[in-house]
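Chain by chain, the residues run as shown.
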Amino acid sequence: MKTADGQGDQGISAEQVAAWLRQHPNFFREHEDVLDGLSIPHLHTGGAVSLLERLVQRQRDQYRELQERQSDMLKAARDSEHVIARLHHLALELMTCDSLDDVVGTCNNMLRGDFKADNVVLRLIGHGRTRDGLHFIDPDDKYLKQLSTLFRKRQPVCGRLRPRQQIFLFGDEGASIKSAVLIPLFEAREIGVLALGSENEARFYPGMGTLFIGQLGGLVARALARYLEPPLHTVEMGS
């Protein structure tokens, strides 16, 4: 077989044939006899089928794929709507708090309930009385240097914690925590860290979206700042 320019078919690649056909979409309309000699394997059975059958099957597969994508998008939209509603609820509840203990209690209750966290811990920088879900970190505590990257990037970190981190943040209950998210708290200064722990290792994972988690941290930080005493404290951004 010779091409129009006289070259043998050995000089034509499959990619060139495909490109030529894309540039000449009417080729098979003008040369319908070529279709009779085409043998196209069925996608699932491997048997030969007509070109029309193969095109119909291809369109069905594409339609099914579009349906799956649409379903995923709708699910993501519904999930986002639910999270926004929970954030709104949390914001309203925090607005009614009239003390630090009230803020801590509200965070504990709502993050365990609405946000399905198995463990909630607030670690605030400064001095104060420890209570359920709230612990203070001495500004001179060397552990703060390990959190310097978290404060510098000002972005939540998700995934598994190192053993020392789990013990420091969750205490004796840390052994049951399989995944966690650390949320840096800022309000004109470094306030501390909000840690959410889960017994499900797939609950918080590296690479998951943190937009709403960051907004949650902003709400909590603003509520806490109203009841924290100055002076302002800046964490040393060492390595």
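Here is what the cut-offs are and how they apply
Residues numbered from 1 in each chain as written. Predicted model: local features only at pLDDT ≥ 70, side-chain atom pairs only at ≥ 80, totals over all residues. Heavy atoms only, no water. Helix = DSSP H or I, 4+ residues; strand = E, 2+ residues; numbered from the N terminus. Buried < 20%, exposed > 50% of the residue type's maximum accessible area, 1.4 Å probe, protein only. Contact = heavy atoms within 4.5 Å. Pairing = 2+ DSSP bridges. Axes fitted to C-alpha atoms, helices over the stretch in contact; angles between N-to-C directions. pLDDT = per-residue confidence, 0-100. Phe/Tyr/Trp six-rings, centres within 6.5 Å; stacked < 30°, edge-to-face > 60°. Expected span 1.5 Å × (residues − 1). Core = buried A, V, L, I, M, F, W, Y, C linked by side-chain atoms within 4.5 Å.

The next subject is the environment of Lys178. The topology assignment puts Lys178 in the loop between α7 (163–170) and β6 (179–186). Look at Lys178 and you get partly exposed, because its relative accessible area is 31%. Residues Lys178 and Gly197, spaced 19 residues apart in sequence, show a C-alpha to C-alpha distance of 7.5 Å. With residues near it in sequence (within four places) discarded, Lys178 still touches Arg160, Ser198, Glu199, Asn200 and Glu201.

This brings us to the sheet that holds strand β5 (residues 157–159). One key point about sheets: their strands pair by backbone hydrogen bonds, in either a parallel or an antiparallel sense. Strand order across the open sheet formed by five strands is β4-β3-β7-β6-β5, with mixed pairing between neighbours. Single-partner strands in this sheet number two, and they are β4 (134–137) and β5. When strand polarity is set aside, the average angle formed by the axes of neighbouring strands in this sheet is 20°. Examined bridge by bridge, strand β3 (residues 119–125) and strand β7 (residues 190–198) share six bridges and lie antiparallel to one another.

A separate point is the confidence of the model for the protein. Averaged over all residues, the pLDDT of the protein is 82; the fraction at 70 or higher stands at 83%. This model gives residues 1–6 a pLDDT under 50, and the stretch forms five contacts once residues within four places in sequence are excluded. Every residue in residues 231–239 is under pLDDT 50, and counting partners more than four places away or in other chains gives 23 contacts.

The subject of this paragraph is the pairing of β7. In terms of burial, β7 is largely enclosed, as nine of its nine residues are buried. From the end of β6 to the start of β7, which pair antiparallel, there are three residues, and Ala188 there has a positive phi angle of about 70°.

Right, let's get into the environment of His135. As for its placement among the helices and strands, His135 is situated in strand β4. On the basis of relative accessible area, His135 is assigned to the partly exposed category, the value being 25%. His135 has contacts with Val121, Leu122, Arg123, Leu124 and Thr130, leaving out every residue within four places of it along the chain.

Per the stated rule, a full pass over the model turns up two aromatic pairs. Where Trp20 meets Phe27, the ring centres are 5.4 Å apart and the plane angle is 80°; that geometry is what we call edge-to-face. By relative accessible area, which is 40% here, Trp20 ends up partly exposed. Taken together, a centroid distance of 5.8 Å and an interplanar angle of 80° make the contact between Phe151 and Phe186 edge-to-face. Highlighted residues: Phe151 in helix α6 (residues 148–153) and Phe186 in strand β6, separated in sequence by 35 residues.

For Arg154, which is not glycine, the phi torsion reads 55° and is therefore positive. Following the sequence through the fold, Arg154 ends up in the loop between α6 and β5. In this structure, Ala188 is a non-glycine residue whose phi angle is positive, near 70°. The topology assignment puts Ala188 in the loop between β6 and β7. By relative accessible area, which is 78% here, Ala188 ends up exposed.

A separate point is helix α8 (residues 211–225). Between its first and last C-alpha, α8 extends 21 Å over 15 residues, near the 21 Å set by a 1.5 Å rise per residue. Among the residues making up α8, those that are buried are Ile213, Leu216, Gly217, Val220, Ala221, Ala223, Leu224 and Ala225.

Bringing the nonpolar core into the picture now. Ranked by internal contacts, the top residues of the largest apolar core, which has 35 residues, are Leu185, Leu194, Leu196, Leu216 and Leu224. Counting residues per element, this core draws most heavily on α8, which supplies seven residues. Not counting chain neighbours up to four residues away, the residues in contact with Leu194 comprise Leu111, Val120, Val121, Leu122, Val181, Leu182, Ile183, Leu185, Leu216 and Val220. Counting 18 residues, the second-largest nonpolar core is a separate cluster that includes Val121, Phe151, Leu182 and Val193.

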